[in-house]
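The residues making up each chain are set out below.
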Amino acid sequence: MSLAFGTRKGTGTGATDPAAPSTQHLLRRKRRREAARTLAFLSPWLIGFGVFFVYPLVSTAYFSFTQYNGFGSPTFNGLKNWDYVLDELPAFWQGLRNTVWLVVIMVSLRVAFGLGIGLLITKVRTGAGFFRTAFYLPYLAPPVAATVAFAFLLNPGTGPLNHLLGELGLPQPGWFADPDWSKPALTLLAMWGIGDLMVIFMAALLDVPKEQYEAAELDGAGPFQRFRYVTLPNISPIIMFAVVTGVIQTMQYYTQAIVAGKVASGIAGNSGQPFEPGFPQGSTWTLPQMVYNLGFQRFNYGAACVVALVLFAISMAVTSILLRRRSGFMSSDD
């Protein structure tokens with residue numbers, strides 16, 4: 001009778017087959033397959049990230065501690081490159097001041113101007129397409145061509161802008177030929193090509209729910225209150241995006257500054273004539289120009305790598321501070 005109520009070994013509910021894999025083993029194998037599949041999909045990006053970011057960054061850090069001219073073998077020299085750049089190279093601090101000035105002033109004005117133009121065009125009832133095209137086209141102009149055109153437009157002697165200012169009885173600045181006006185002239189050039197930010201802000205403004213504007217109007221909110229309490233909270237992530245990308249781009253500011261200096265100094269096109277960047281009087285000298293000057297003109301790759309690392313560190317620090325703002329990408333509920 002006991003055999004009738006018993007269970008055979010391996011067939012009852014409490015028995016297990018020793019050859020069958022355990023549940024934990026199956027889960028681990030499934031997770032490994034999922035991880036391998038995910039890694040396969042990520043591999044193109046991981047390869048590009050390693051080849052074009054990690055390897056150059058590590059190499060730059062390594063060369064910053066070596067004496068290297070690009071031809072022979074690098075030799076380790078400790079902190080000599082850092083001491084040379086930070087203590088014996090006054091041009092570094094001048095370039096840093098100019099770069100910070102451009103980041104603070106140029107990025108702020110570009111964001112404010114782009115947002116203002118976007119707001120105005122979204123309110124236009126007729127001809128909105130024409131104004132969108134007119135403001136976006138300058139952004140498509142090549143940087144070198146746009147800078148050369150601006151240099152001739154703002155020429156203190158023959159430029160039409162100074163001629164117009166003289167007719168109106170207003171002061172006529174030296175623009176790219178005056179150290180006090182060269183950076184404001186570069187800022188005007190950057191604001192002229194505002195089409196990229198205008199399009200981004202227009203898309204964000206048109207995406208703001210109209211119901212919120214109607215509710216604010218019913219509560220008696222004026223235009224300023226509606227902009228402050230309805231528009232800004234909705235487009236704050238886009239503003240943060242524009243500021244972060246603007247800071248990164250301006251930290252790499254090179255082409256416009258060096259082309260404007262060459263044209264204003266009168267040696268544009270004379271390839272055999274020596275030219276020191278930063279004309280006039282170092283007012284347009286930026287850290288990216290210093291990296292090129294040290295590395296590819298003076299063949300001091302160690303010092304150039306030091307400046308590049310400083311630029312990278314500043315860019316990362318500023319970007320991290322901006323991204324930590326809860327009014328930006330992260331909401332207050334996160």
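Scroll up to find the structure this text is about.
Residues numbered from 1 in each chain as written. Predicted model: local features only at pLDDT ≥ 70, side-chain atom pairs only at ≥ 80, totals over all residues. Heavy atoms only, no water.

A.B. asks: How should I be thinking about the overall build of the chain in this particular structure?
C.D. replies: Secondary structure summary: the chain contains 14 helices and two strands in total. Taking all 334 residues of the chain together, the buried fraction comes to 33%. Here the contacts in the chain between residues at least 6 apart in sequence split such that 65% fall between residues at least 24 apart. (Helix = DSSP H or I, 4+ residues; strand = E, 2+ residues; numbered from the N terminus. Buried < 20%, exposed > 50% of the residue type's maximum accessible area, 1.4 Å probe, protein only. Contact = heavy atoms within 4.5 Å.)

A.B. asks: What exactly am I supposed to notice about helix α13 (residues 287–297) here?
C.D. replies: Those residues of α13 that sit buried are Leu-287, Pro-288, Gln-289, Met-290, Asn-293, Leu-294 and Gly-295. Next to the buried residues of α13 lie α4 (90–123), α11 (223–251), α12 (255–265) and α14 (301–323). The first or second residue beyond α13 is Phe-299, which carries a positive phi of 55 degrees.

A.B. asks: Teacher, can you tell me more about the packing of aromatic side chains here?
C.D. replies: Each aromatic ring pair is characterised by the separation of its centres together with the angle its planes make. Tallied over the entire structure, the rule returns 16 aromatic pairs. A centroid spacing of 5.3 Å and a plane angle of 70 degrees characterise the contact between Trp-175 and Trp-181, whose relative ring orientation is edge-to-face. Looking at Lys-183, its charged tip hangs above the ring of Trp-101, at a distance of 5.7 Å from the centre. (Phe/Tyr/Trp six-rings, centres within 6.5 Å; stacked < 30°, edge-to-face > 60°. Lys NZ or Arg CZ within 6 Å of the ring centre and 35° of its normal.)

A.B. asks: Just checking my understanding: could you explain a nonpolar patch on the surface for this structure?
C.D. replies: On the surface, Leu-39, Leu-42, Trp-45, Leu-46, Phe-49, Phe-53, Val-54, Val-58, Phe-312 and Met-316 cluster together into a nonpolar patch covering about 890 Å² of accessible area. When residues of the nonpolar patch are assigned to their parent elements, the largest contribution, eight residues, is made by helix α2 (residues 23–63). If you trace the backbone, Trp-45 turns up in helix α2. Classification of Trp-45 by relative accessible area gives exposed; the value is 54%. (Patch = residues over 30% accessible without salt bridge, like charges linked within 9 Å, V, L, I, M, F, W, Y side chains within 5 Å. Areas by Shrake-Rupley, 256 points an atom, 1.4 Å probe, with all protein chains shown as cover. Salt bridge = Lys/Arg side-chain N within 4 Å of Asp/Glu carboxyl O.)

A.B. asks: What should I look at first to understand the packing of α11 against α14 in this one?
C.D. replies: Helix-helix packing: each pair is described by the crossing angle between the helix axes and the interaxial distance. As a packed pair, α11 and α14 sit with axes 10 Å apart at the nearest point and diverge in direction by 175 degrees. The orientation of α11 relative to α14 falls into the category roughly antiparallel. Facing Met-240, Val-243, Val-244, Val-247, Ile-248 and Met-251 of α11, the residues of α14 in contact are Leu-311, Ile-314, Ser-315, Val-318, Thr-319, Leu-322 and Leu-323. Considered class by class, the residues forming the contact of α11 with α14 number 11 nonpolar, two polar and no charged. (Axes fitted to C-alpha atoms, helices over the stretch in contact; angles between N-to-C directions. Parallel < 35°, antiparallel > 145°, perpendicular 65-115°, else oblique. Nonpolar A, V, L, I, M, F, W, Y, C, P; charged D, E, K, R; others polar.)

A.B. asks: Looking at this structure, I do not really get the pattern of salt bridges. What am I missing?
C.D. replies: Any two side chains of opposite charge can pair, on the condition that their charged atoms come close. Going through the model one piece at a time under the given rule, you end up with one salt bridge. The partner of Asp-196 in a salt bridge is Arg-110, with the nearest N and O atoms 3.2 Å apart. Taken together, the residues span a long stretch of sequence, with Asp-196 in helix α9 (residues 195–206) and Arg-110 in helix α4 at a distance of 86 residues. For the pair formed by Asp-196 and Arg-110, the shared burial category is buried.

A.B. asks: Just checking my understanding: could you explain unusual backbone geometry for this structure?
C.D. replies: Leaving glycine out, the prevailing phi sign among residues is negative, and the prevailing peptide bond configuration is trans. The linkage connecting Phe-279 with the following residue, Pro-280, adopts the cis geometry, with an omega of 0 degrees. Locating Pro-280 in the fold gives a position in the loop between α12 and α13. Its identity is not glycine, yet Trp-175 carries a phi of approximately 50 degrees, on the positive side. Inspection of the secondary structure puts Trp-175 in the loop between α7 (160–167) and α8 (182–192).

A.B. asks: I'm lost on α14 in this one. Help?
C.D. replies: The terminal C-alpha atoms of α14 lie 32 Å apart, and with 23 residues this matches the ideal 33 Å at 1.5 Å per residue to within 8%. Those residues of α14 that are buried lie in contact with α2, β1 (66–67), α3 (80–87), α4, α11 and α13. (Expected span 1.5 Å × (residues − 1).)

A.B. asks: Can you help me understand the nonpolar core in this one?
C.D. replies: As a rule of thumb, nonpolar side chains are buried together in soluble globular proteins. Counting 34 residues, the largest nonpolar core has Phe-92 and Met-290 as its most contacted members. Taken together, the elements giving at least two residues each to this core come down to α4, α9, α11, α13 and α14. For this core, the element with the most residues is α11, which contributes eight residues. If we skip the residues at most four places from it in the chain, Phe-92 touches Val-85, Leu-86, Leu-287, Met-290, Val-307 and Val-310. Core analysis: the second largest hydrophobic core is formed by 21 residues, Trp-175, Leu-189, Ala-257 and Ile-267 among them. (Core = buried A, V, L, I, M, F, W, Y, C linked by side-chain atoms within 4.5 Å.)

Nothing here speaks to function; it is all geometry.
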